[in-house]
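Each chain is listed here by its residues.
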Amino acid sequence: LVGNAEVSQLLWRQVTGENPSGFPSCGERCPVENVSWCDAVVFANLLSDAQGLDLAYTLPDRMHLGLSVDACNALAAGVRAHFDAEGYRLPTEAEWEYLARAGKDTRVPGGDDVDDVAWHAGNSDANTHESGKKAPNSWDLVDMAGNVWEWTWDGYGTYRGGFVPDQVGDTSGPYRVLRGGGWRTLPRDVRVSDRERANPGARDDSTGLRLVRTRG
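Just so it is clear, the model here is predicted, and its values are computed rather than measured. (Residues numbered from 1 in each chain as written. Predicted model: local features only at pLDDT ≥ 70, side-chain atom pairs only at ≥ 80, totals over all residues. Heavy atoms only, no water.)

Trainee: Sorry if this is basic, but what is going on with the overall build of the chain here?
Mentor: Of regular secondary structure, the chain possesses 5 helices and 8 strands. Secondary structure of the chain in N-to-C order comes out as α-α-β-α-β-β-α-α-β-β-β-β-β. For 216 residues, the compact-globule formula gives about 17 Å, and the C-alpha radius of gyration of the chain, at 16 Å, lands near that figure. Over its C-alpha atoms, taken along the principal directions, the chain stretches across nearly 45 × 40 × 30 Å. (Helix = DSSP H or I, 4+ residues; strand = E, 2+ residues; numbered from the N terminus. Rg over C-alpha atoms; globule rule 2.2 N^0.38 Å.)

Structure below.
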């Protein structure tokens, strides 16, 4: 199961009571951003707990929302994922690409014209936009390209790519993988295959998240 859109400012505020976004005036239907990888996994557990679902992550005792960059970087390797749990979690990099491609060998999710499917540096007016204003892919998932980069579970390393959703990357390295591109990404770089990396503690106003669940 996958969220058909990126986690919104509204959902983040409902669960946490806060809105860290750099673009609050964009509106509650716009994606939340300015969240670290640590924020993302903590949020996933909070949402699962609110809905009575088994937690998908075991977190270090000191991990919470709003950790400093250094604190998050130090604790990230201690997060343990339970892929058989029903709770919310970040997709693996391979799951993300599988969902973005939606069974098709396509350059960008949902078609060949990047302007039809993505908010990027050429059309975003330097800000995020409400989810669902661009065309979805064939599995009805919106903003798989552009708007905000999406954190994945995986560490940055060797990656096979393609249509193999059961690959899980090594998380022992210093970086985590971001996918999908964001509002400041060049149009030529908003591709299904494009990969980016960042320290887990990094926050940016073009980085958010999309959540998945393992079907029970």
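Trainee: Help me out: how do you make sense of the packing of aromatic side chains in this one?
Mentor: Between two aromatic rings, the relevant description is the distance of the centres plus the angle of the planes. Under the counting rule described, the total for this entry stands at 6 aromatic pairs. Each ring, one from Trp 37 and one from Trp 153, has its centre 5.5 Å from the other, and the planes form 40°; the classification is tilted. Residue Trp 37 is found in helix 2 (residues 37-50), and its partner Trp 153 is found in strand 4 (residues 149-155); the two are separated by 116 residues along the sequence. As far as burial versus exposure is concerned, Trp 37 and Trp 153 are alike and both buried. (Phe/Tyr/Trp six-rings, centres within 6.5 Å; stacked < 30°, edge-to-face > 60°. Buried < 20%, exposed > 50% of the residue type's maximum accessible area, 1.4 Å probe, protein only.)

Trainee: Is there a simple way to explain unusual backbone geometry in this structure?
Mentor: Working note: non-glycine residues mostly have negative phi, and peptide bonds are mostly trans. In this structure, Asp 125 takes a positive phi of about 55° despite not being glycine. Assignment of secondary structure puts Asp 125 in the loop between helix 5 (114-117) and strand 4. Even without being a glycine, Asp 143 presents a positive backbone phi close to 60°. As for its placement among the helices and strands, Asp 143 is situated in the loop between helix 5 and strand 4.

Trainee: What is the right way to look at the sheet that holds strand 5 (residues 176-179) in this model?
Mentor: Strand pairing within a sheet occurs via backbone hydrogen bonds; the two strands may be parallel or antiparallel. If you trace the 4 strands from one edge of the open sheet to the other, you get 6-5-4-7, paired in mixed fashion. In the strand order of this sheet, the two ends are held by strand 6 (195-198) and strand 7 (207-208), each with one partner. Alignment of strand 4 against strand 5, held across 3 bridges, turns out to be antiparallel. Paired with Gly 155 across the two strands is Arg 176, which belongs to strand 5. (Pairing = 2+ DSSP bridges.)

Trainee: In this structure, what is going on with the environment of Thr 128? I would like to understand it.
Mentor: Summarising the element assignment, Thr 128 is placed in the loop between helix 5 and strand 4. Taking the C-alpha atoms as reference points, Thr 128 and Gly 182, separated by 54 residues in sequence, lie 8.3 Å from one another. Discounting chain neighbours no more than four positions away, the residues touching Thr 128 are Phe 23, Cys 26, Cys 30, Pro 31, Glu 33, Asn 147, Val 148, Trp 183 and Asp 205. (Contact = heavy atoms within 4.5 Å.)

Trainee: Help me out: how do you make sense of the pattern of salt bridges in this one?
Mentor: Think of it this way: side chains of opposite charge can pair up when their charged atoms draw near. All told, the structure shown has 13 salt bridges when counted by the stated rule. A salt bridge links Arg 184 to Asp 205, with the shortest nitrogen-to-oxygen separation between them at 3.0 Å. In this pair, Arg 184 sits in the loop between strand 5 and strand 6 while Asp 205 sits in the loop between strand 6 and strand 7, placing the two residues 21 residues apart along the sequence. Note that Asp 194 and Arg 191 form a salt bridge whose closest N and O atoms lie 3.1 Å from each other. With a relative accessible area of 14%, Asp 194 lands in the buried category. Through salt bridges that share partners, Glu 93, Glu 97, Arg 101, Asp 105, Arg 179 and Arg 195 make up one connected network. (Salt bridge = Lys/Arg side-chain N within 4 Å of Asp/Glu carboxyl O.)

Trainee: In this structure, what is going on with the side chain of Asp 154? I would like to understand it.
Mentor: Summarising the element assignment, Asp 154 is placed in strand 4. No salt bridge is formed by the buried Asp 154. Its closest oppositely charged neighbour is Arg 195, at 7.0 Å. (Lys, Arg positive; Asp, Glu negative; His and termini not counted.)

Trainee: Would you mind showing me how to read the state of the cysteines here?
Mentor: Two cysteines whose sulfur atoms are joined by a covalent bond form what is called a disulfide. For the structure shown, the criterion picks out 2 disulfides. What links to what in the chain: the bonded cysteines, counted in sequence order, pair as 1-2, 3-4. (Disulfide = S-S within 2.5 Å.)

Trainee: How do you make sense of helix 1 (residues 9-16) when you look at a structure like this?
Mentor: Side chains that are three or four residues apart share a direction in an α-helix, a result of its 3.6 residues per turn. The complete set of buried residues in helix 1 reads Gln 9, Trp 12 and Thr 16. Down the axis of helix 1, the buried side of the element spans an arc of 65°, and every buried residue falls inside it. The inward-facing, buried residues of helix 1 contact helix 2. After helix 1 finishes, the residue Gly 17 shows a positive phi value of roughly 80°. (Arc of directions from axis to C-beta.)

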